[in-house]
Amino acid sequence: MSGVNITSVLQETRKFPPAKEFSATAHVKSEAEYDELWWKAKDDPTGFWGSMSQNLDWFEPFDTVLEGEMPNTKWFVGGRLNASYNCVDRHLKTWRKNKAAIIWEGEPGDTRVLTYQDLHRETCKFANVLKSLGVQSGDRVTIYMPLVPEIIVAMLACARIGAVHSIIFGGFSADAVAERNNDAQAKVVITADGGWRRGKEVELKHAVDESLEKSHTVQQVVVLRRTGTPITMVPGRDHWWHDLMAEASPDCEAASLDSEHPLFILYTSGSTGKPKGVLHSTAGYTLGTMMTSKWVFDLNDTDTYWCTADVGWITGHSYVCYGPLANGATVMMYEGAPNWPHDGRFWEIIEKYKVTIFYTAPTAIRSFIRWGDEWPNKHDLTSLRLLGSVGEPINPEAWMWYHKVIGGERCPIVDTWWQTETGSIMISPLPGATTTKPGSCTRPLPGVVPDIVSKEGESLPDNTGGLLVMRQPWPSMLRTLYNDHERFLKTYFSEIPGCYFAGDGARRDEDGCYWVMGRVDDVLNVSGHRLSTMEVESALVSHPLVAEAAVVGFPHEIKGEGICCFVTLTTGDGDDALKQQLKDHVRKQIGALASPDMIRFSNALPKTRSGKIMRRLLRDIAAGRERVQDTTTLEDYGVLAKLRASEE
Ligand code: 7RM
């Protein structure tokens, strides 16, 4: 097939070199320093990671940095350590003992601060609670909680005793909980009565009760009182968090665990079939998240760092909990929605706590744009010094808005490419070193060796779209899919032999910067040309009336695939004249090849709960198929009916 490569049509030439003042105090201060680190890691990965590993506290030193080849690698073989010790205990020996580890605000406006000492006490007590419930090293514990400090306590308590946590995002249904409990054979579930979201209660305990009718491995349930709503407590099975904690001892030594001891499972949905239980290990993951947090977010002791992700996603695991805490940072957490009780809630929080580093997703940024500049403009955001983006390609228009309106043209933006499977950030600017370009995640971090290849695995030249792969293993990569090593091998390592295949399409430009074009499953094939949906979307969003767009292919008699665009407007309902205008706009931006065949207006798009557009559902709708595929990860079911009604 000639269409192995993906034609890239996105034209973006703006460049933003790091400001001198930022570089002066940054951990990595220049392009040259970055290059030196990167080449050191490339030429001598074991030497590099061996020396980086000294940033962790070890109970027993390791013998070998790396054993085996991709996909079956072991890191820091023979070493023993504990992730909870590295995130908490080691800071108690320093002045950070009384430093705020977590500054938390609930959606109703209640607040709490936990110092590292507080976090240590709570973690130790809860680790003893888990032990008293019969949890042993290696057992799986499900966590299904709102975004409250106790979710971090629960994670660290598991890590402390070697139990493997499996967090299920609080927005998932009872069935999703049951499926994951069963797959992981979970022994204990930690939940809350409920959580707050847009002023409504998310009834977590009810969902757990329902899930337990279908998942029979769970013996005990711990329930945190958060909302105070009446719930049923099953005697012998269900226990209140506060009752158990009142009895628990604050002394609990961190278990000495093998480097490769499993730290957690996180289920991530594949496009088909049952969710994949991505498994991460103790040493490699903790080191990866620690080093990348330091390099990418340039964490300092004076920072108030806020990653808006829910802890139920990998971004929350790596960049709310493990990475920043391993660095002894102060982490801001906010329980609720960005638009409750008003559309300026995030900016209010930044002003109130003088947040310095803010890390969020493009889907959120596009909502902020839609809600209007008056919200951020009402608040003093001058405490911010660094902005981050994750989860999807960020379109240059959204990047520029983020840069101007939130960053005051002062803050570098780190567009971080990585995956649940990679554990930590792989490709991203280093804010004091890298010249950024709107829409590019720029260059690989030290120890990361990506490439762009054809289907046959041949390296492609610069500026040619192809498959994004990793040629060398890295410490925080997933070790397996829980209970399904075959699927692990097939999904990530069979497509391009000898490489990790990420599933994304991308190109590398003449400066060595990567431009991710989205999942290869989403690529369009129009008259034999393979086009990235994201690039057409980006062209649409550059029109002032378009807030968000999702582009999919549909069967087309002549072209093979036609281009169907689902468009959310900033204002108004849209009409035929606007449809024509948008078609012309795309043609003008990227050429006749990408000219849309169909525009459909809709006030919402189907998204996963972490904000990624579910294009496979849109493909069904564009093709007029009634029966849609698996929708369990869809955030708002009503949106499908609305989309069908948007027909041309
Ligand atoms: C962290 C996370 C992974 C997929 C990945 C990409 C997309 C994430 C970016 C991005 C372009 C980015 N984990 N993706 N970050 N695409 N630029 N900065 O999102 O497992 O949930 O998703 O997300 O397609 O493969 S994830």
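Description of the structure in this document. (Residues numbered from 1 in each chain as written. Predicted model: local features only at pLDDT ≥ 70, side-chain atom pairs only at ≥ 80, totals over all residues. Heavy atoms only, no water.)

### Details of the sheet that holds strand β30 (residues 598-601)
With respect to topology, 3 strands assemble into an open sheet ordered β28-β29-β30, the strand pairing being mixed. Looking at strand neighbours, the two that pair on one side only are β28 (546-556) and β30, the edges of this open sheet. Looking at each pair of strands side by side, their axes are set apart by 25 degrees on average, direction ignored. Looking at chain direction, strand β29 (residues 560-569) and β30 are connected through 4 bridges and run parallel. When the bridges of β30 are listed, Phe-566 appears paired with Arg-600. Taken strand by strand, helix α13 (residues 362-371) contacts β28 and β29, and its axis lies near 125 degrees from that of β28. In the packing of helix α18 (residues 576-590) onto the sheet, the strands contacted are β28, β29 and β30, and the crossing angle to β30 comes to about 125 degrees. (Pairing = 2+ DSSP bridges. Helix = DSSP H or I, 4+ residues; strand = E, 2+ residues; numbered from the N terminus. Axes fitted to C-alpha atoms, helices over the stretch in contact; angles between N-to-C directions. Contact = heavy atoms within 4.5 Å.)

### Thoughts on helix α17 (residues 533-541)
Most of α17 sits out of view: 9 of its 9 residues are buried. With a side-chain oxygen positioned 3.2 Å from the backbone nitrogen of Met-534, the residue opening α17 is Ser-532. (Buried < 20%, exposed > 50% of the residue type's maximum accessible area, 1.4 Å probe, protein only. Polar contact = N/O pair within 3.5 Å; in protein donor to acceptor, adjacent residues only side chain to side chain.)

### Focus on the packing of aromatic side chains
What the rule picks out here adds up to 37 aromatic pairs. Relative to Tyr-85, the ring of Phe-59 lies with its centre 5.0 Å away and its plane at 75 degrees, an arrangement referred to as edge-to-face. Of this pair, Phe-59 sits in the loop between α3 (45-52) and β1 (64-67) while Tyr-85 sits in helix α4 (residues 83-92); the two residues are 26 residues apart in sequence, bridging distant segments of the chain. The class of Phe-59 is partly exposed, set by a relative accessible area of 30%. Under the relative-accessibility criterion, Tyr-85 is labelled buried at 17%. The structure contains a cluster of three or more aromatic residues connected by ring pairs, namely Trp-306, Tyr-334, Phe-346, Trp-347, Phe-358, Phe-368 and Trp-371. For the cation-ring pair, Arg-225 lies above Trp-240, with the distance from its terminal atom to the ring centre recorded as 4.4 Å. (Phe/Tyr/Trp six-rings, centres within 6.5 Å; stacked < 30°, edge-to-face > 60°. Lys NZ or Arg CZ within 6 Å of the ring centre and 35° of its normal.)

### Side note on unusual backbone geometry
The step from Met-70 to Pro-71 runs through a cis peptide bond, and the omega angle for that step is 5 degrees. By the element assignment, Pro-71 lies in the loop between β1 and β2 (74-77). For the peptide bond that leads from Trp-340 to Pro-341, omega is -5 degrees, which places it in the cis range. By the element assignment, Pro-341 lies in the loop between β17 (330-334) and α12 (345-353). Notably, Arg-198 is not glycine yet its phi reads approximately 50 degrees, a positive angle.

### Focus on the site of the ligand
Taken together, 16 residues are adjacent to the ligand, and Asp-415, Thr-416, Thr-420, Arg-519 and Lys-612 come closest. Here Gly-391 contributes a backbone N or O atom positioned 3.1 Å from a nitrogen atom of the ligand. Between the ligand and the protein, one listed contact pairs an oxygen atom with a side-chain N or O atom of Thr-420 at 2.7 Å. Contact with the protein chains covers 90% of the free accessible surface of the ligand, which is 530 Å². When contributions to the shell around the ligand are tallied by element, the ones reaching two or more residues are α11 (314-326) and β25 (514-519). A breakdown of the residues in the shell around the ligand according to their chemical character gives 6 nonpolar, 5 polar and 5 charged. (Near = heavy atom within 4 Å. Areas by Shrake-Rupley, 256 points an atom, 1.4 Å probe, with all protein chains shown as cover. Nonpolar A, V, L, I, M, F, W, Y, C, P; charged D, E, K, R; others polar.)

### Regarding the pattern of salt bridges
Overall, the coordinates contain 42 salt bridges when judged by the stated rule. The partner of Arg-345 in a salt bridge is Glu-348, with the nearest N and O atoms 3.3 Å apart. Here Arg-345 pairs with Glu-348, and both are found in helix α12, just 3 residues apart, close to one helical turn. For Asp-451, the salt bridge goes to Arg-471, with nearest N and O atoms at 2.9 Å. Here Asp-451 is found in strand β21 (residues 450-453), whereas its partner Arg-471 is found in the loop between β22 (466-470) and β23 (480-481), with 20 residues between them in sequence. A relative accessible area of 7% places Asp-451 in the buried class. Linked by salt bridges that have partners in common, Lys-15, Lys-437, Asp-509 and Asp-511 make up one network. (Salt bridge = Lys/Arg side-chain N within 4 Å of Asp/Glu carboxyl O.)

### Observations regarding the environment of Cys-124
Relative to the elements of secondary structure, Cys-124 occurs in helix α5 (residues 116-132). Measuring from C-alpha to C-alpha, the distance between Cys-124 and Asp-620 comes to 50 Å, with 496 residues separating the pair along the chain. When sequence neighbours within four positions are dropped, the list of residues in contact with Cys-124 reads Arg-160, Ser-249, Pro-250 and Cys-252.

### Some remarks on the sheet that holds strand β16 (residues 304-307)
With respect to topology, 7 strands assemble into an open sheet ordered β5-β4-β17-β16-β18-β19-β20, the strand pairing being mixed. Edge positions in the sheet fall to β5 (111-115) and β20 (413-415), since each has one partner strand and no second. On average, adjacent strands in this sheet sit at an angle of 20 degrees to one another, irrespective of strand direction. Where strand β18 (residues 357-360) lies against strand β19 (residues 386-389), 4 bridges are found, and the strand directions are parallel. Note that in β19 the partner of Phe-358 across the bridge is Leu-387. Helix-sheet contacts for α5 involve β4 (100-105) and β5, and the interaxial angle to β5 is about 90 degrees.

### What about the pairing of β25?
Across the 6 residues of β25, 5 count as buried, placing the element largely inside the fold. The pairing of strand β24 (residues 500-508) with β25 spans 5 bridges and is classified as antiparallel. Paired with Arg-507 across the bridge in β25 is Trp-515. Hairpin connection from β24 to β25: 5 residues lie between these consecutive antiparallel strands, with Gly-512 at a positive phi of about 80 degrees.

### Here's the deal with the packing of α4 against α5
At a closest axis distance of 9 Å, the pairing of α4 and α5 adopts a crossing angle of 130 degrees. On the basis of the axis angle, α4 is oblique to α5. For the crossing formed where α4 meets α5, the hand is left-handed. Contact residues: α4 offers Ser-84, Cys-87, Val-88, Asp-89, His-91 and Leu-92, while α5 offers Tyr-116, Gln-117, Leu-119, His-120 and Thr-123. Considering only residue class, the contact of α4 with α5 consists of 5 nonpolar, 5 polar and 1 charged. (Parallel < 35°, antiparallel > 145°, perpendicular 65-115°, else oblique. Left-handed = near helix turned anticlockwise from the far one by under 90°.)

### Here we look at the nonpolar core
Phe-126, Ile-152, Ile-190, Phe-297 and Tyr-322 are the most contacted members of the largest nonpolar core, which has 140 residues in total. Sequence-distant contacts of Ile-152, that is, excluding residues within four places in its chain, are made with Ile-102, Leu-119, Val-311, Val-320, Cys-321, Leu-325 and Met-333. Counting 29 residues, the second-largest nonpolar core is a separate cluster that includes Phe-346, Trp-347, Tyr-402 and Ile-413. (Core = buried A, V, L, I, M, F, W, Y, C linked by side-chain atoms within 4.5 Å.)

### Examining the pairing of β21
Judged by which residues are buried, β21 turns out to be covered on both faces: Pro-450 and Ile-452 on one side and Asp-451 and Val-453 on the other are all buried. Strand direction decides the pairing type here: β21 and β22, joined by 4 bridges, are antiparallel. When the sheet's bridge partners are listed, Pro-450 is paired in β22 with Met-470.

In short, geometric facts, not functional conclusions.
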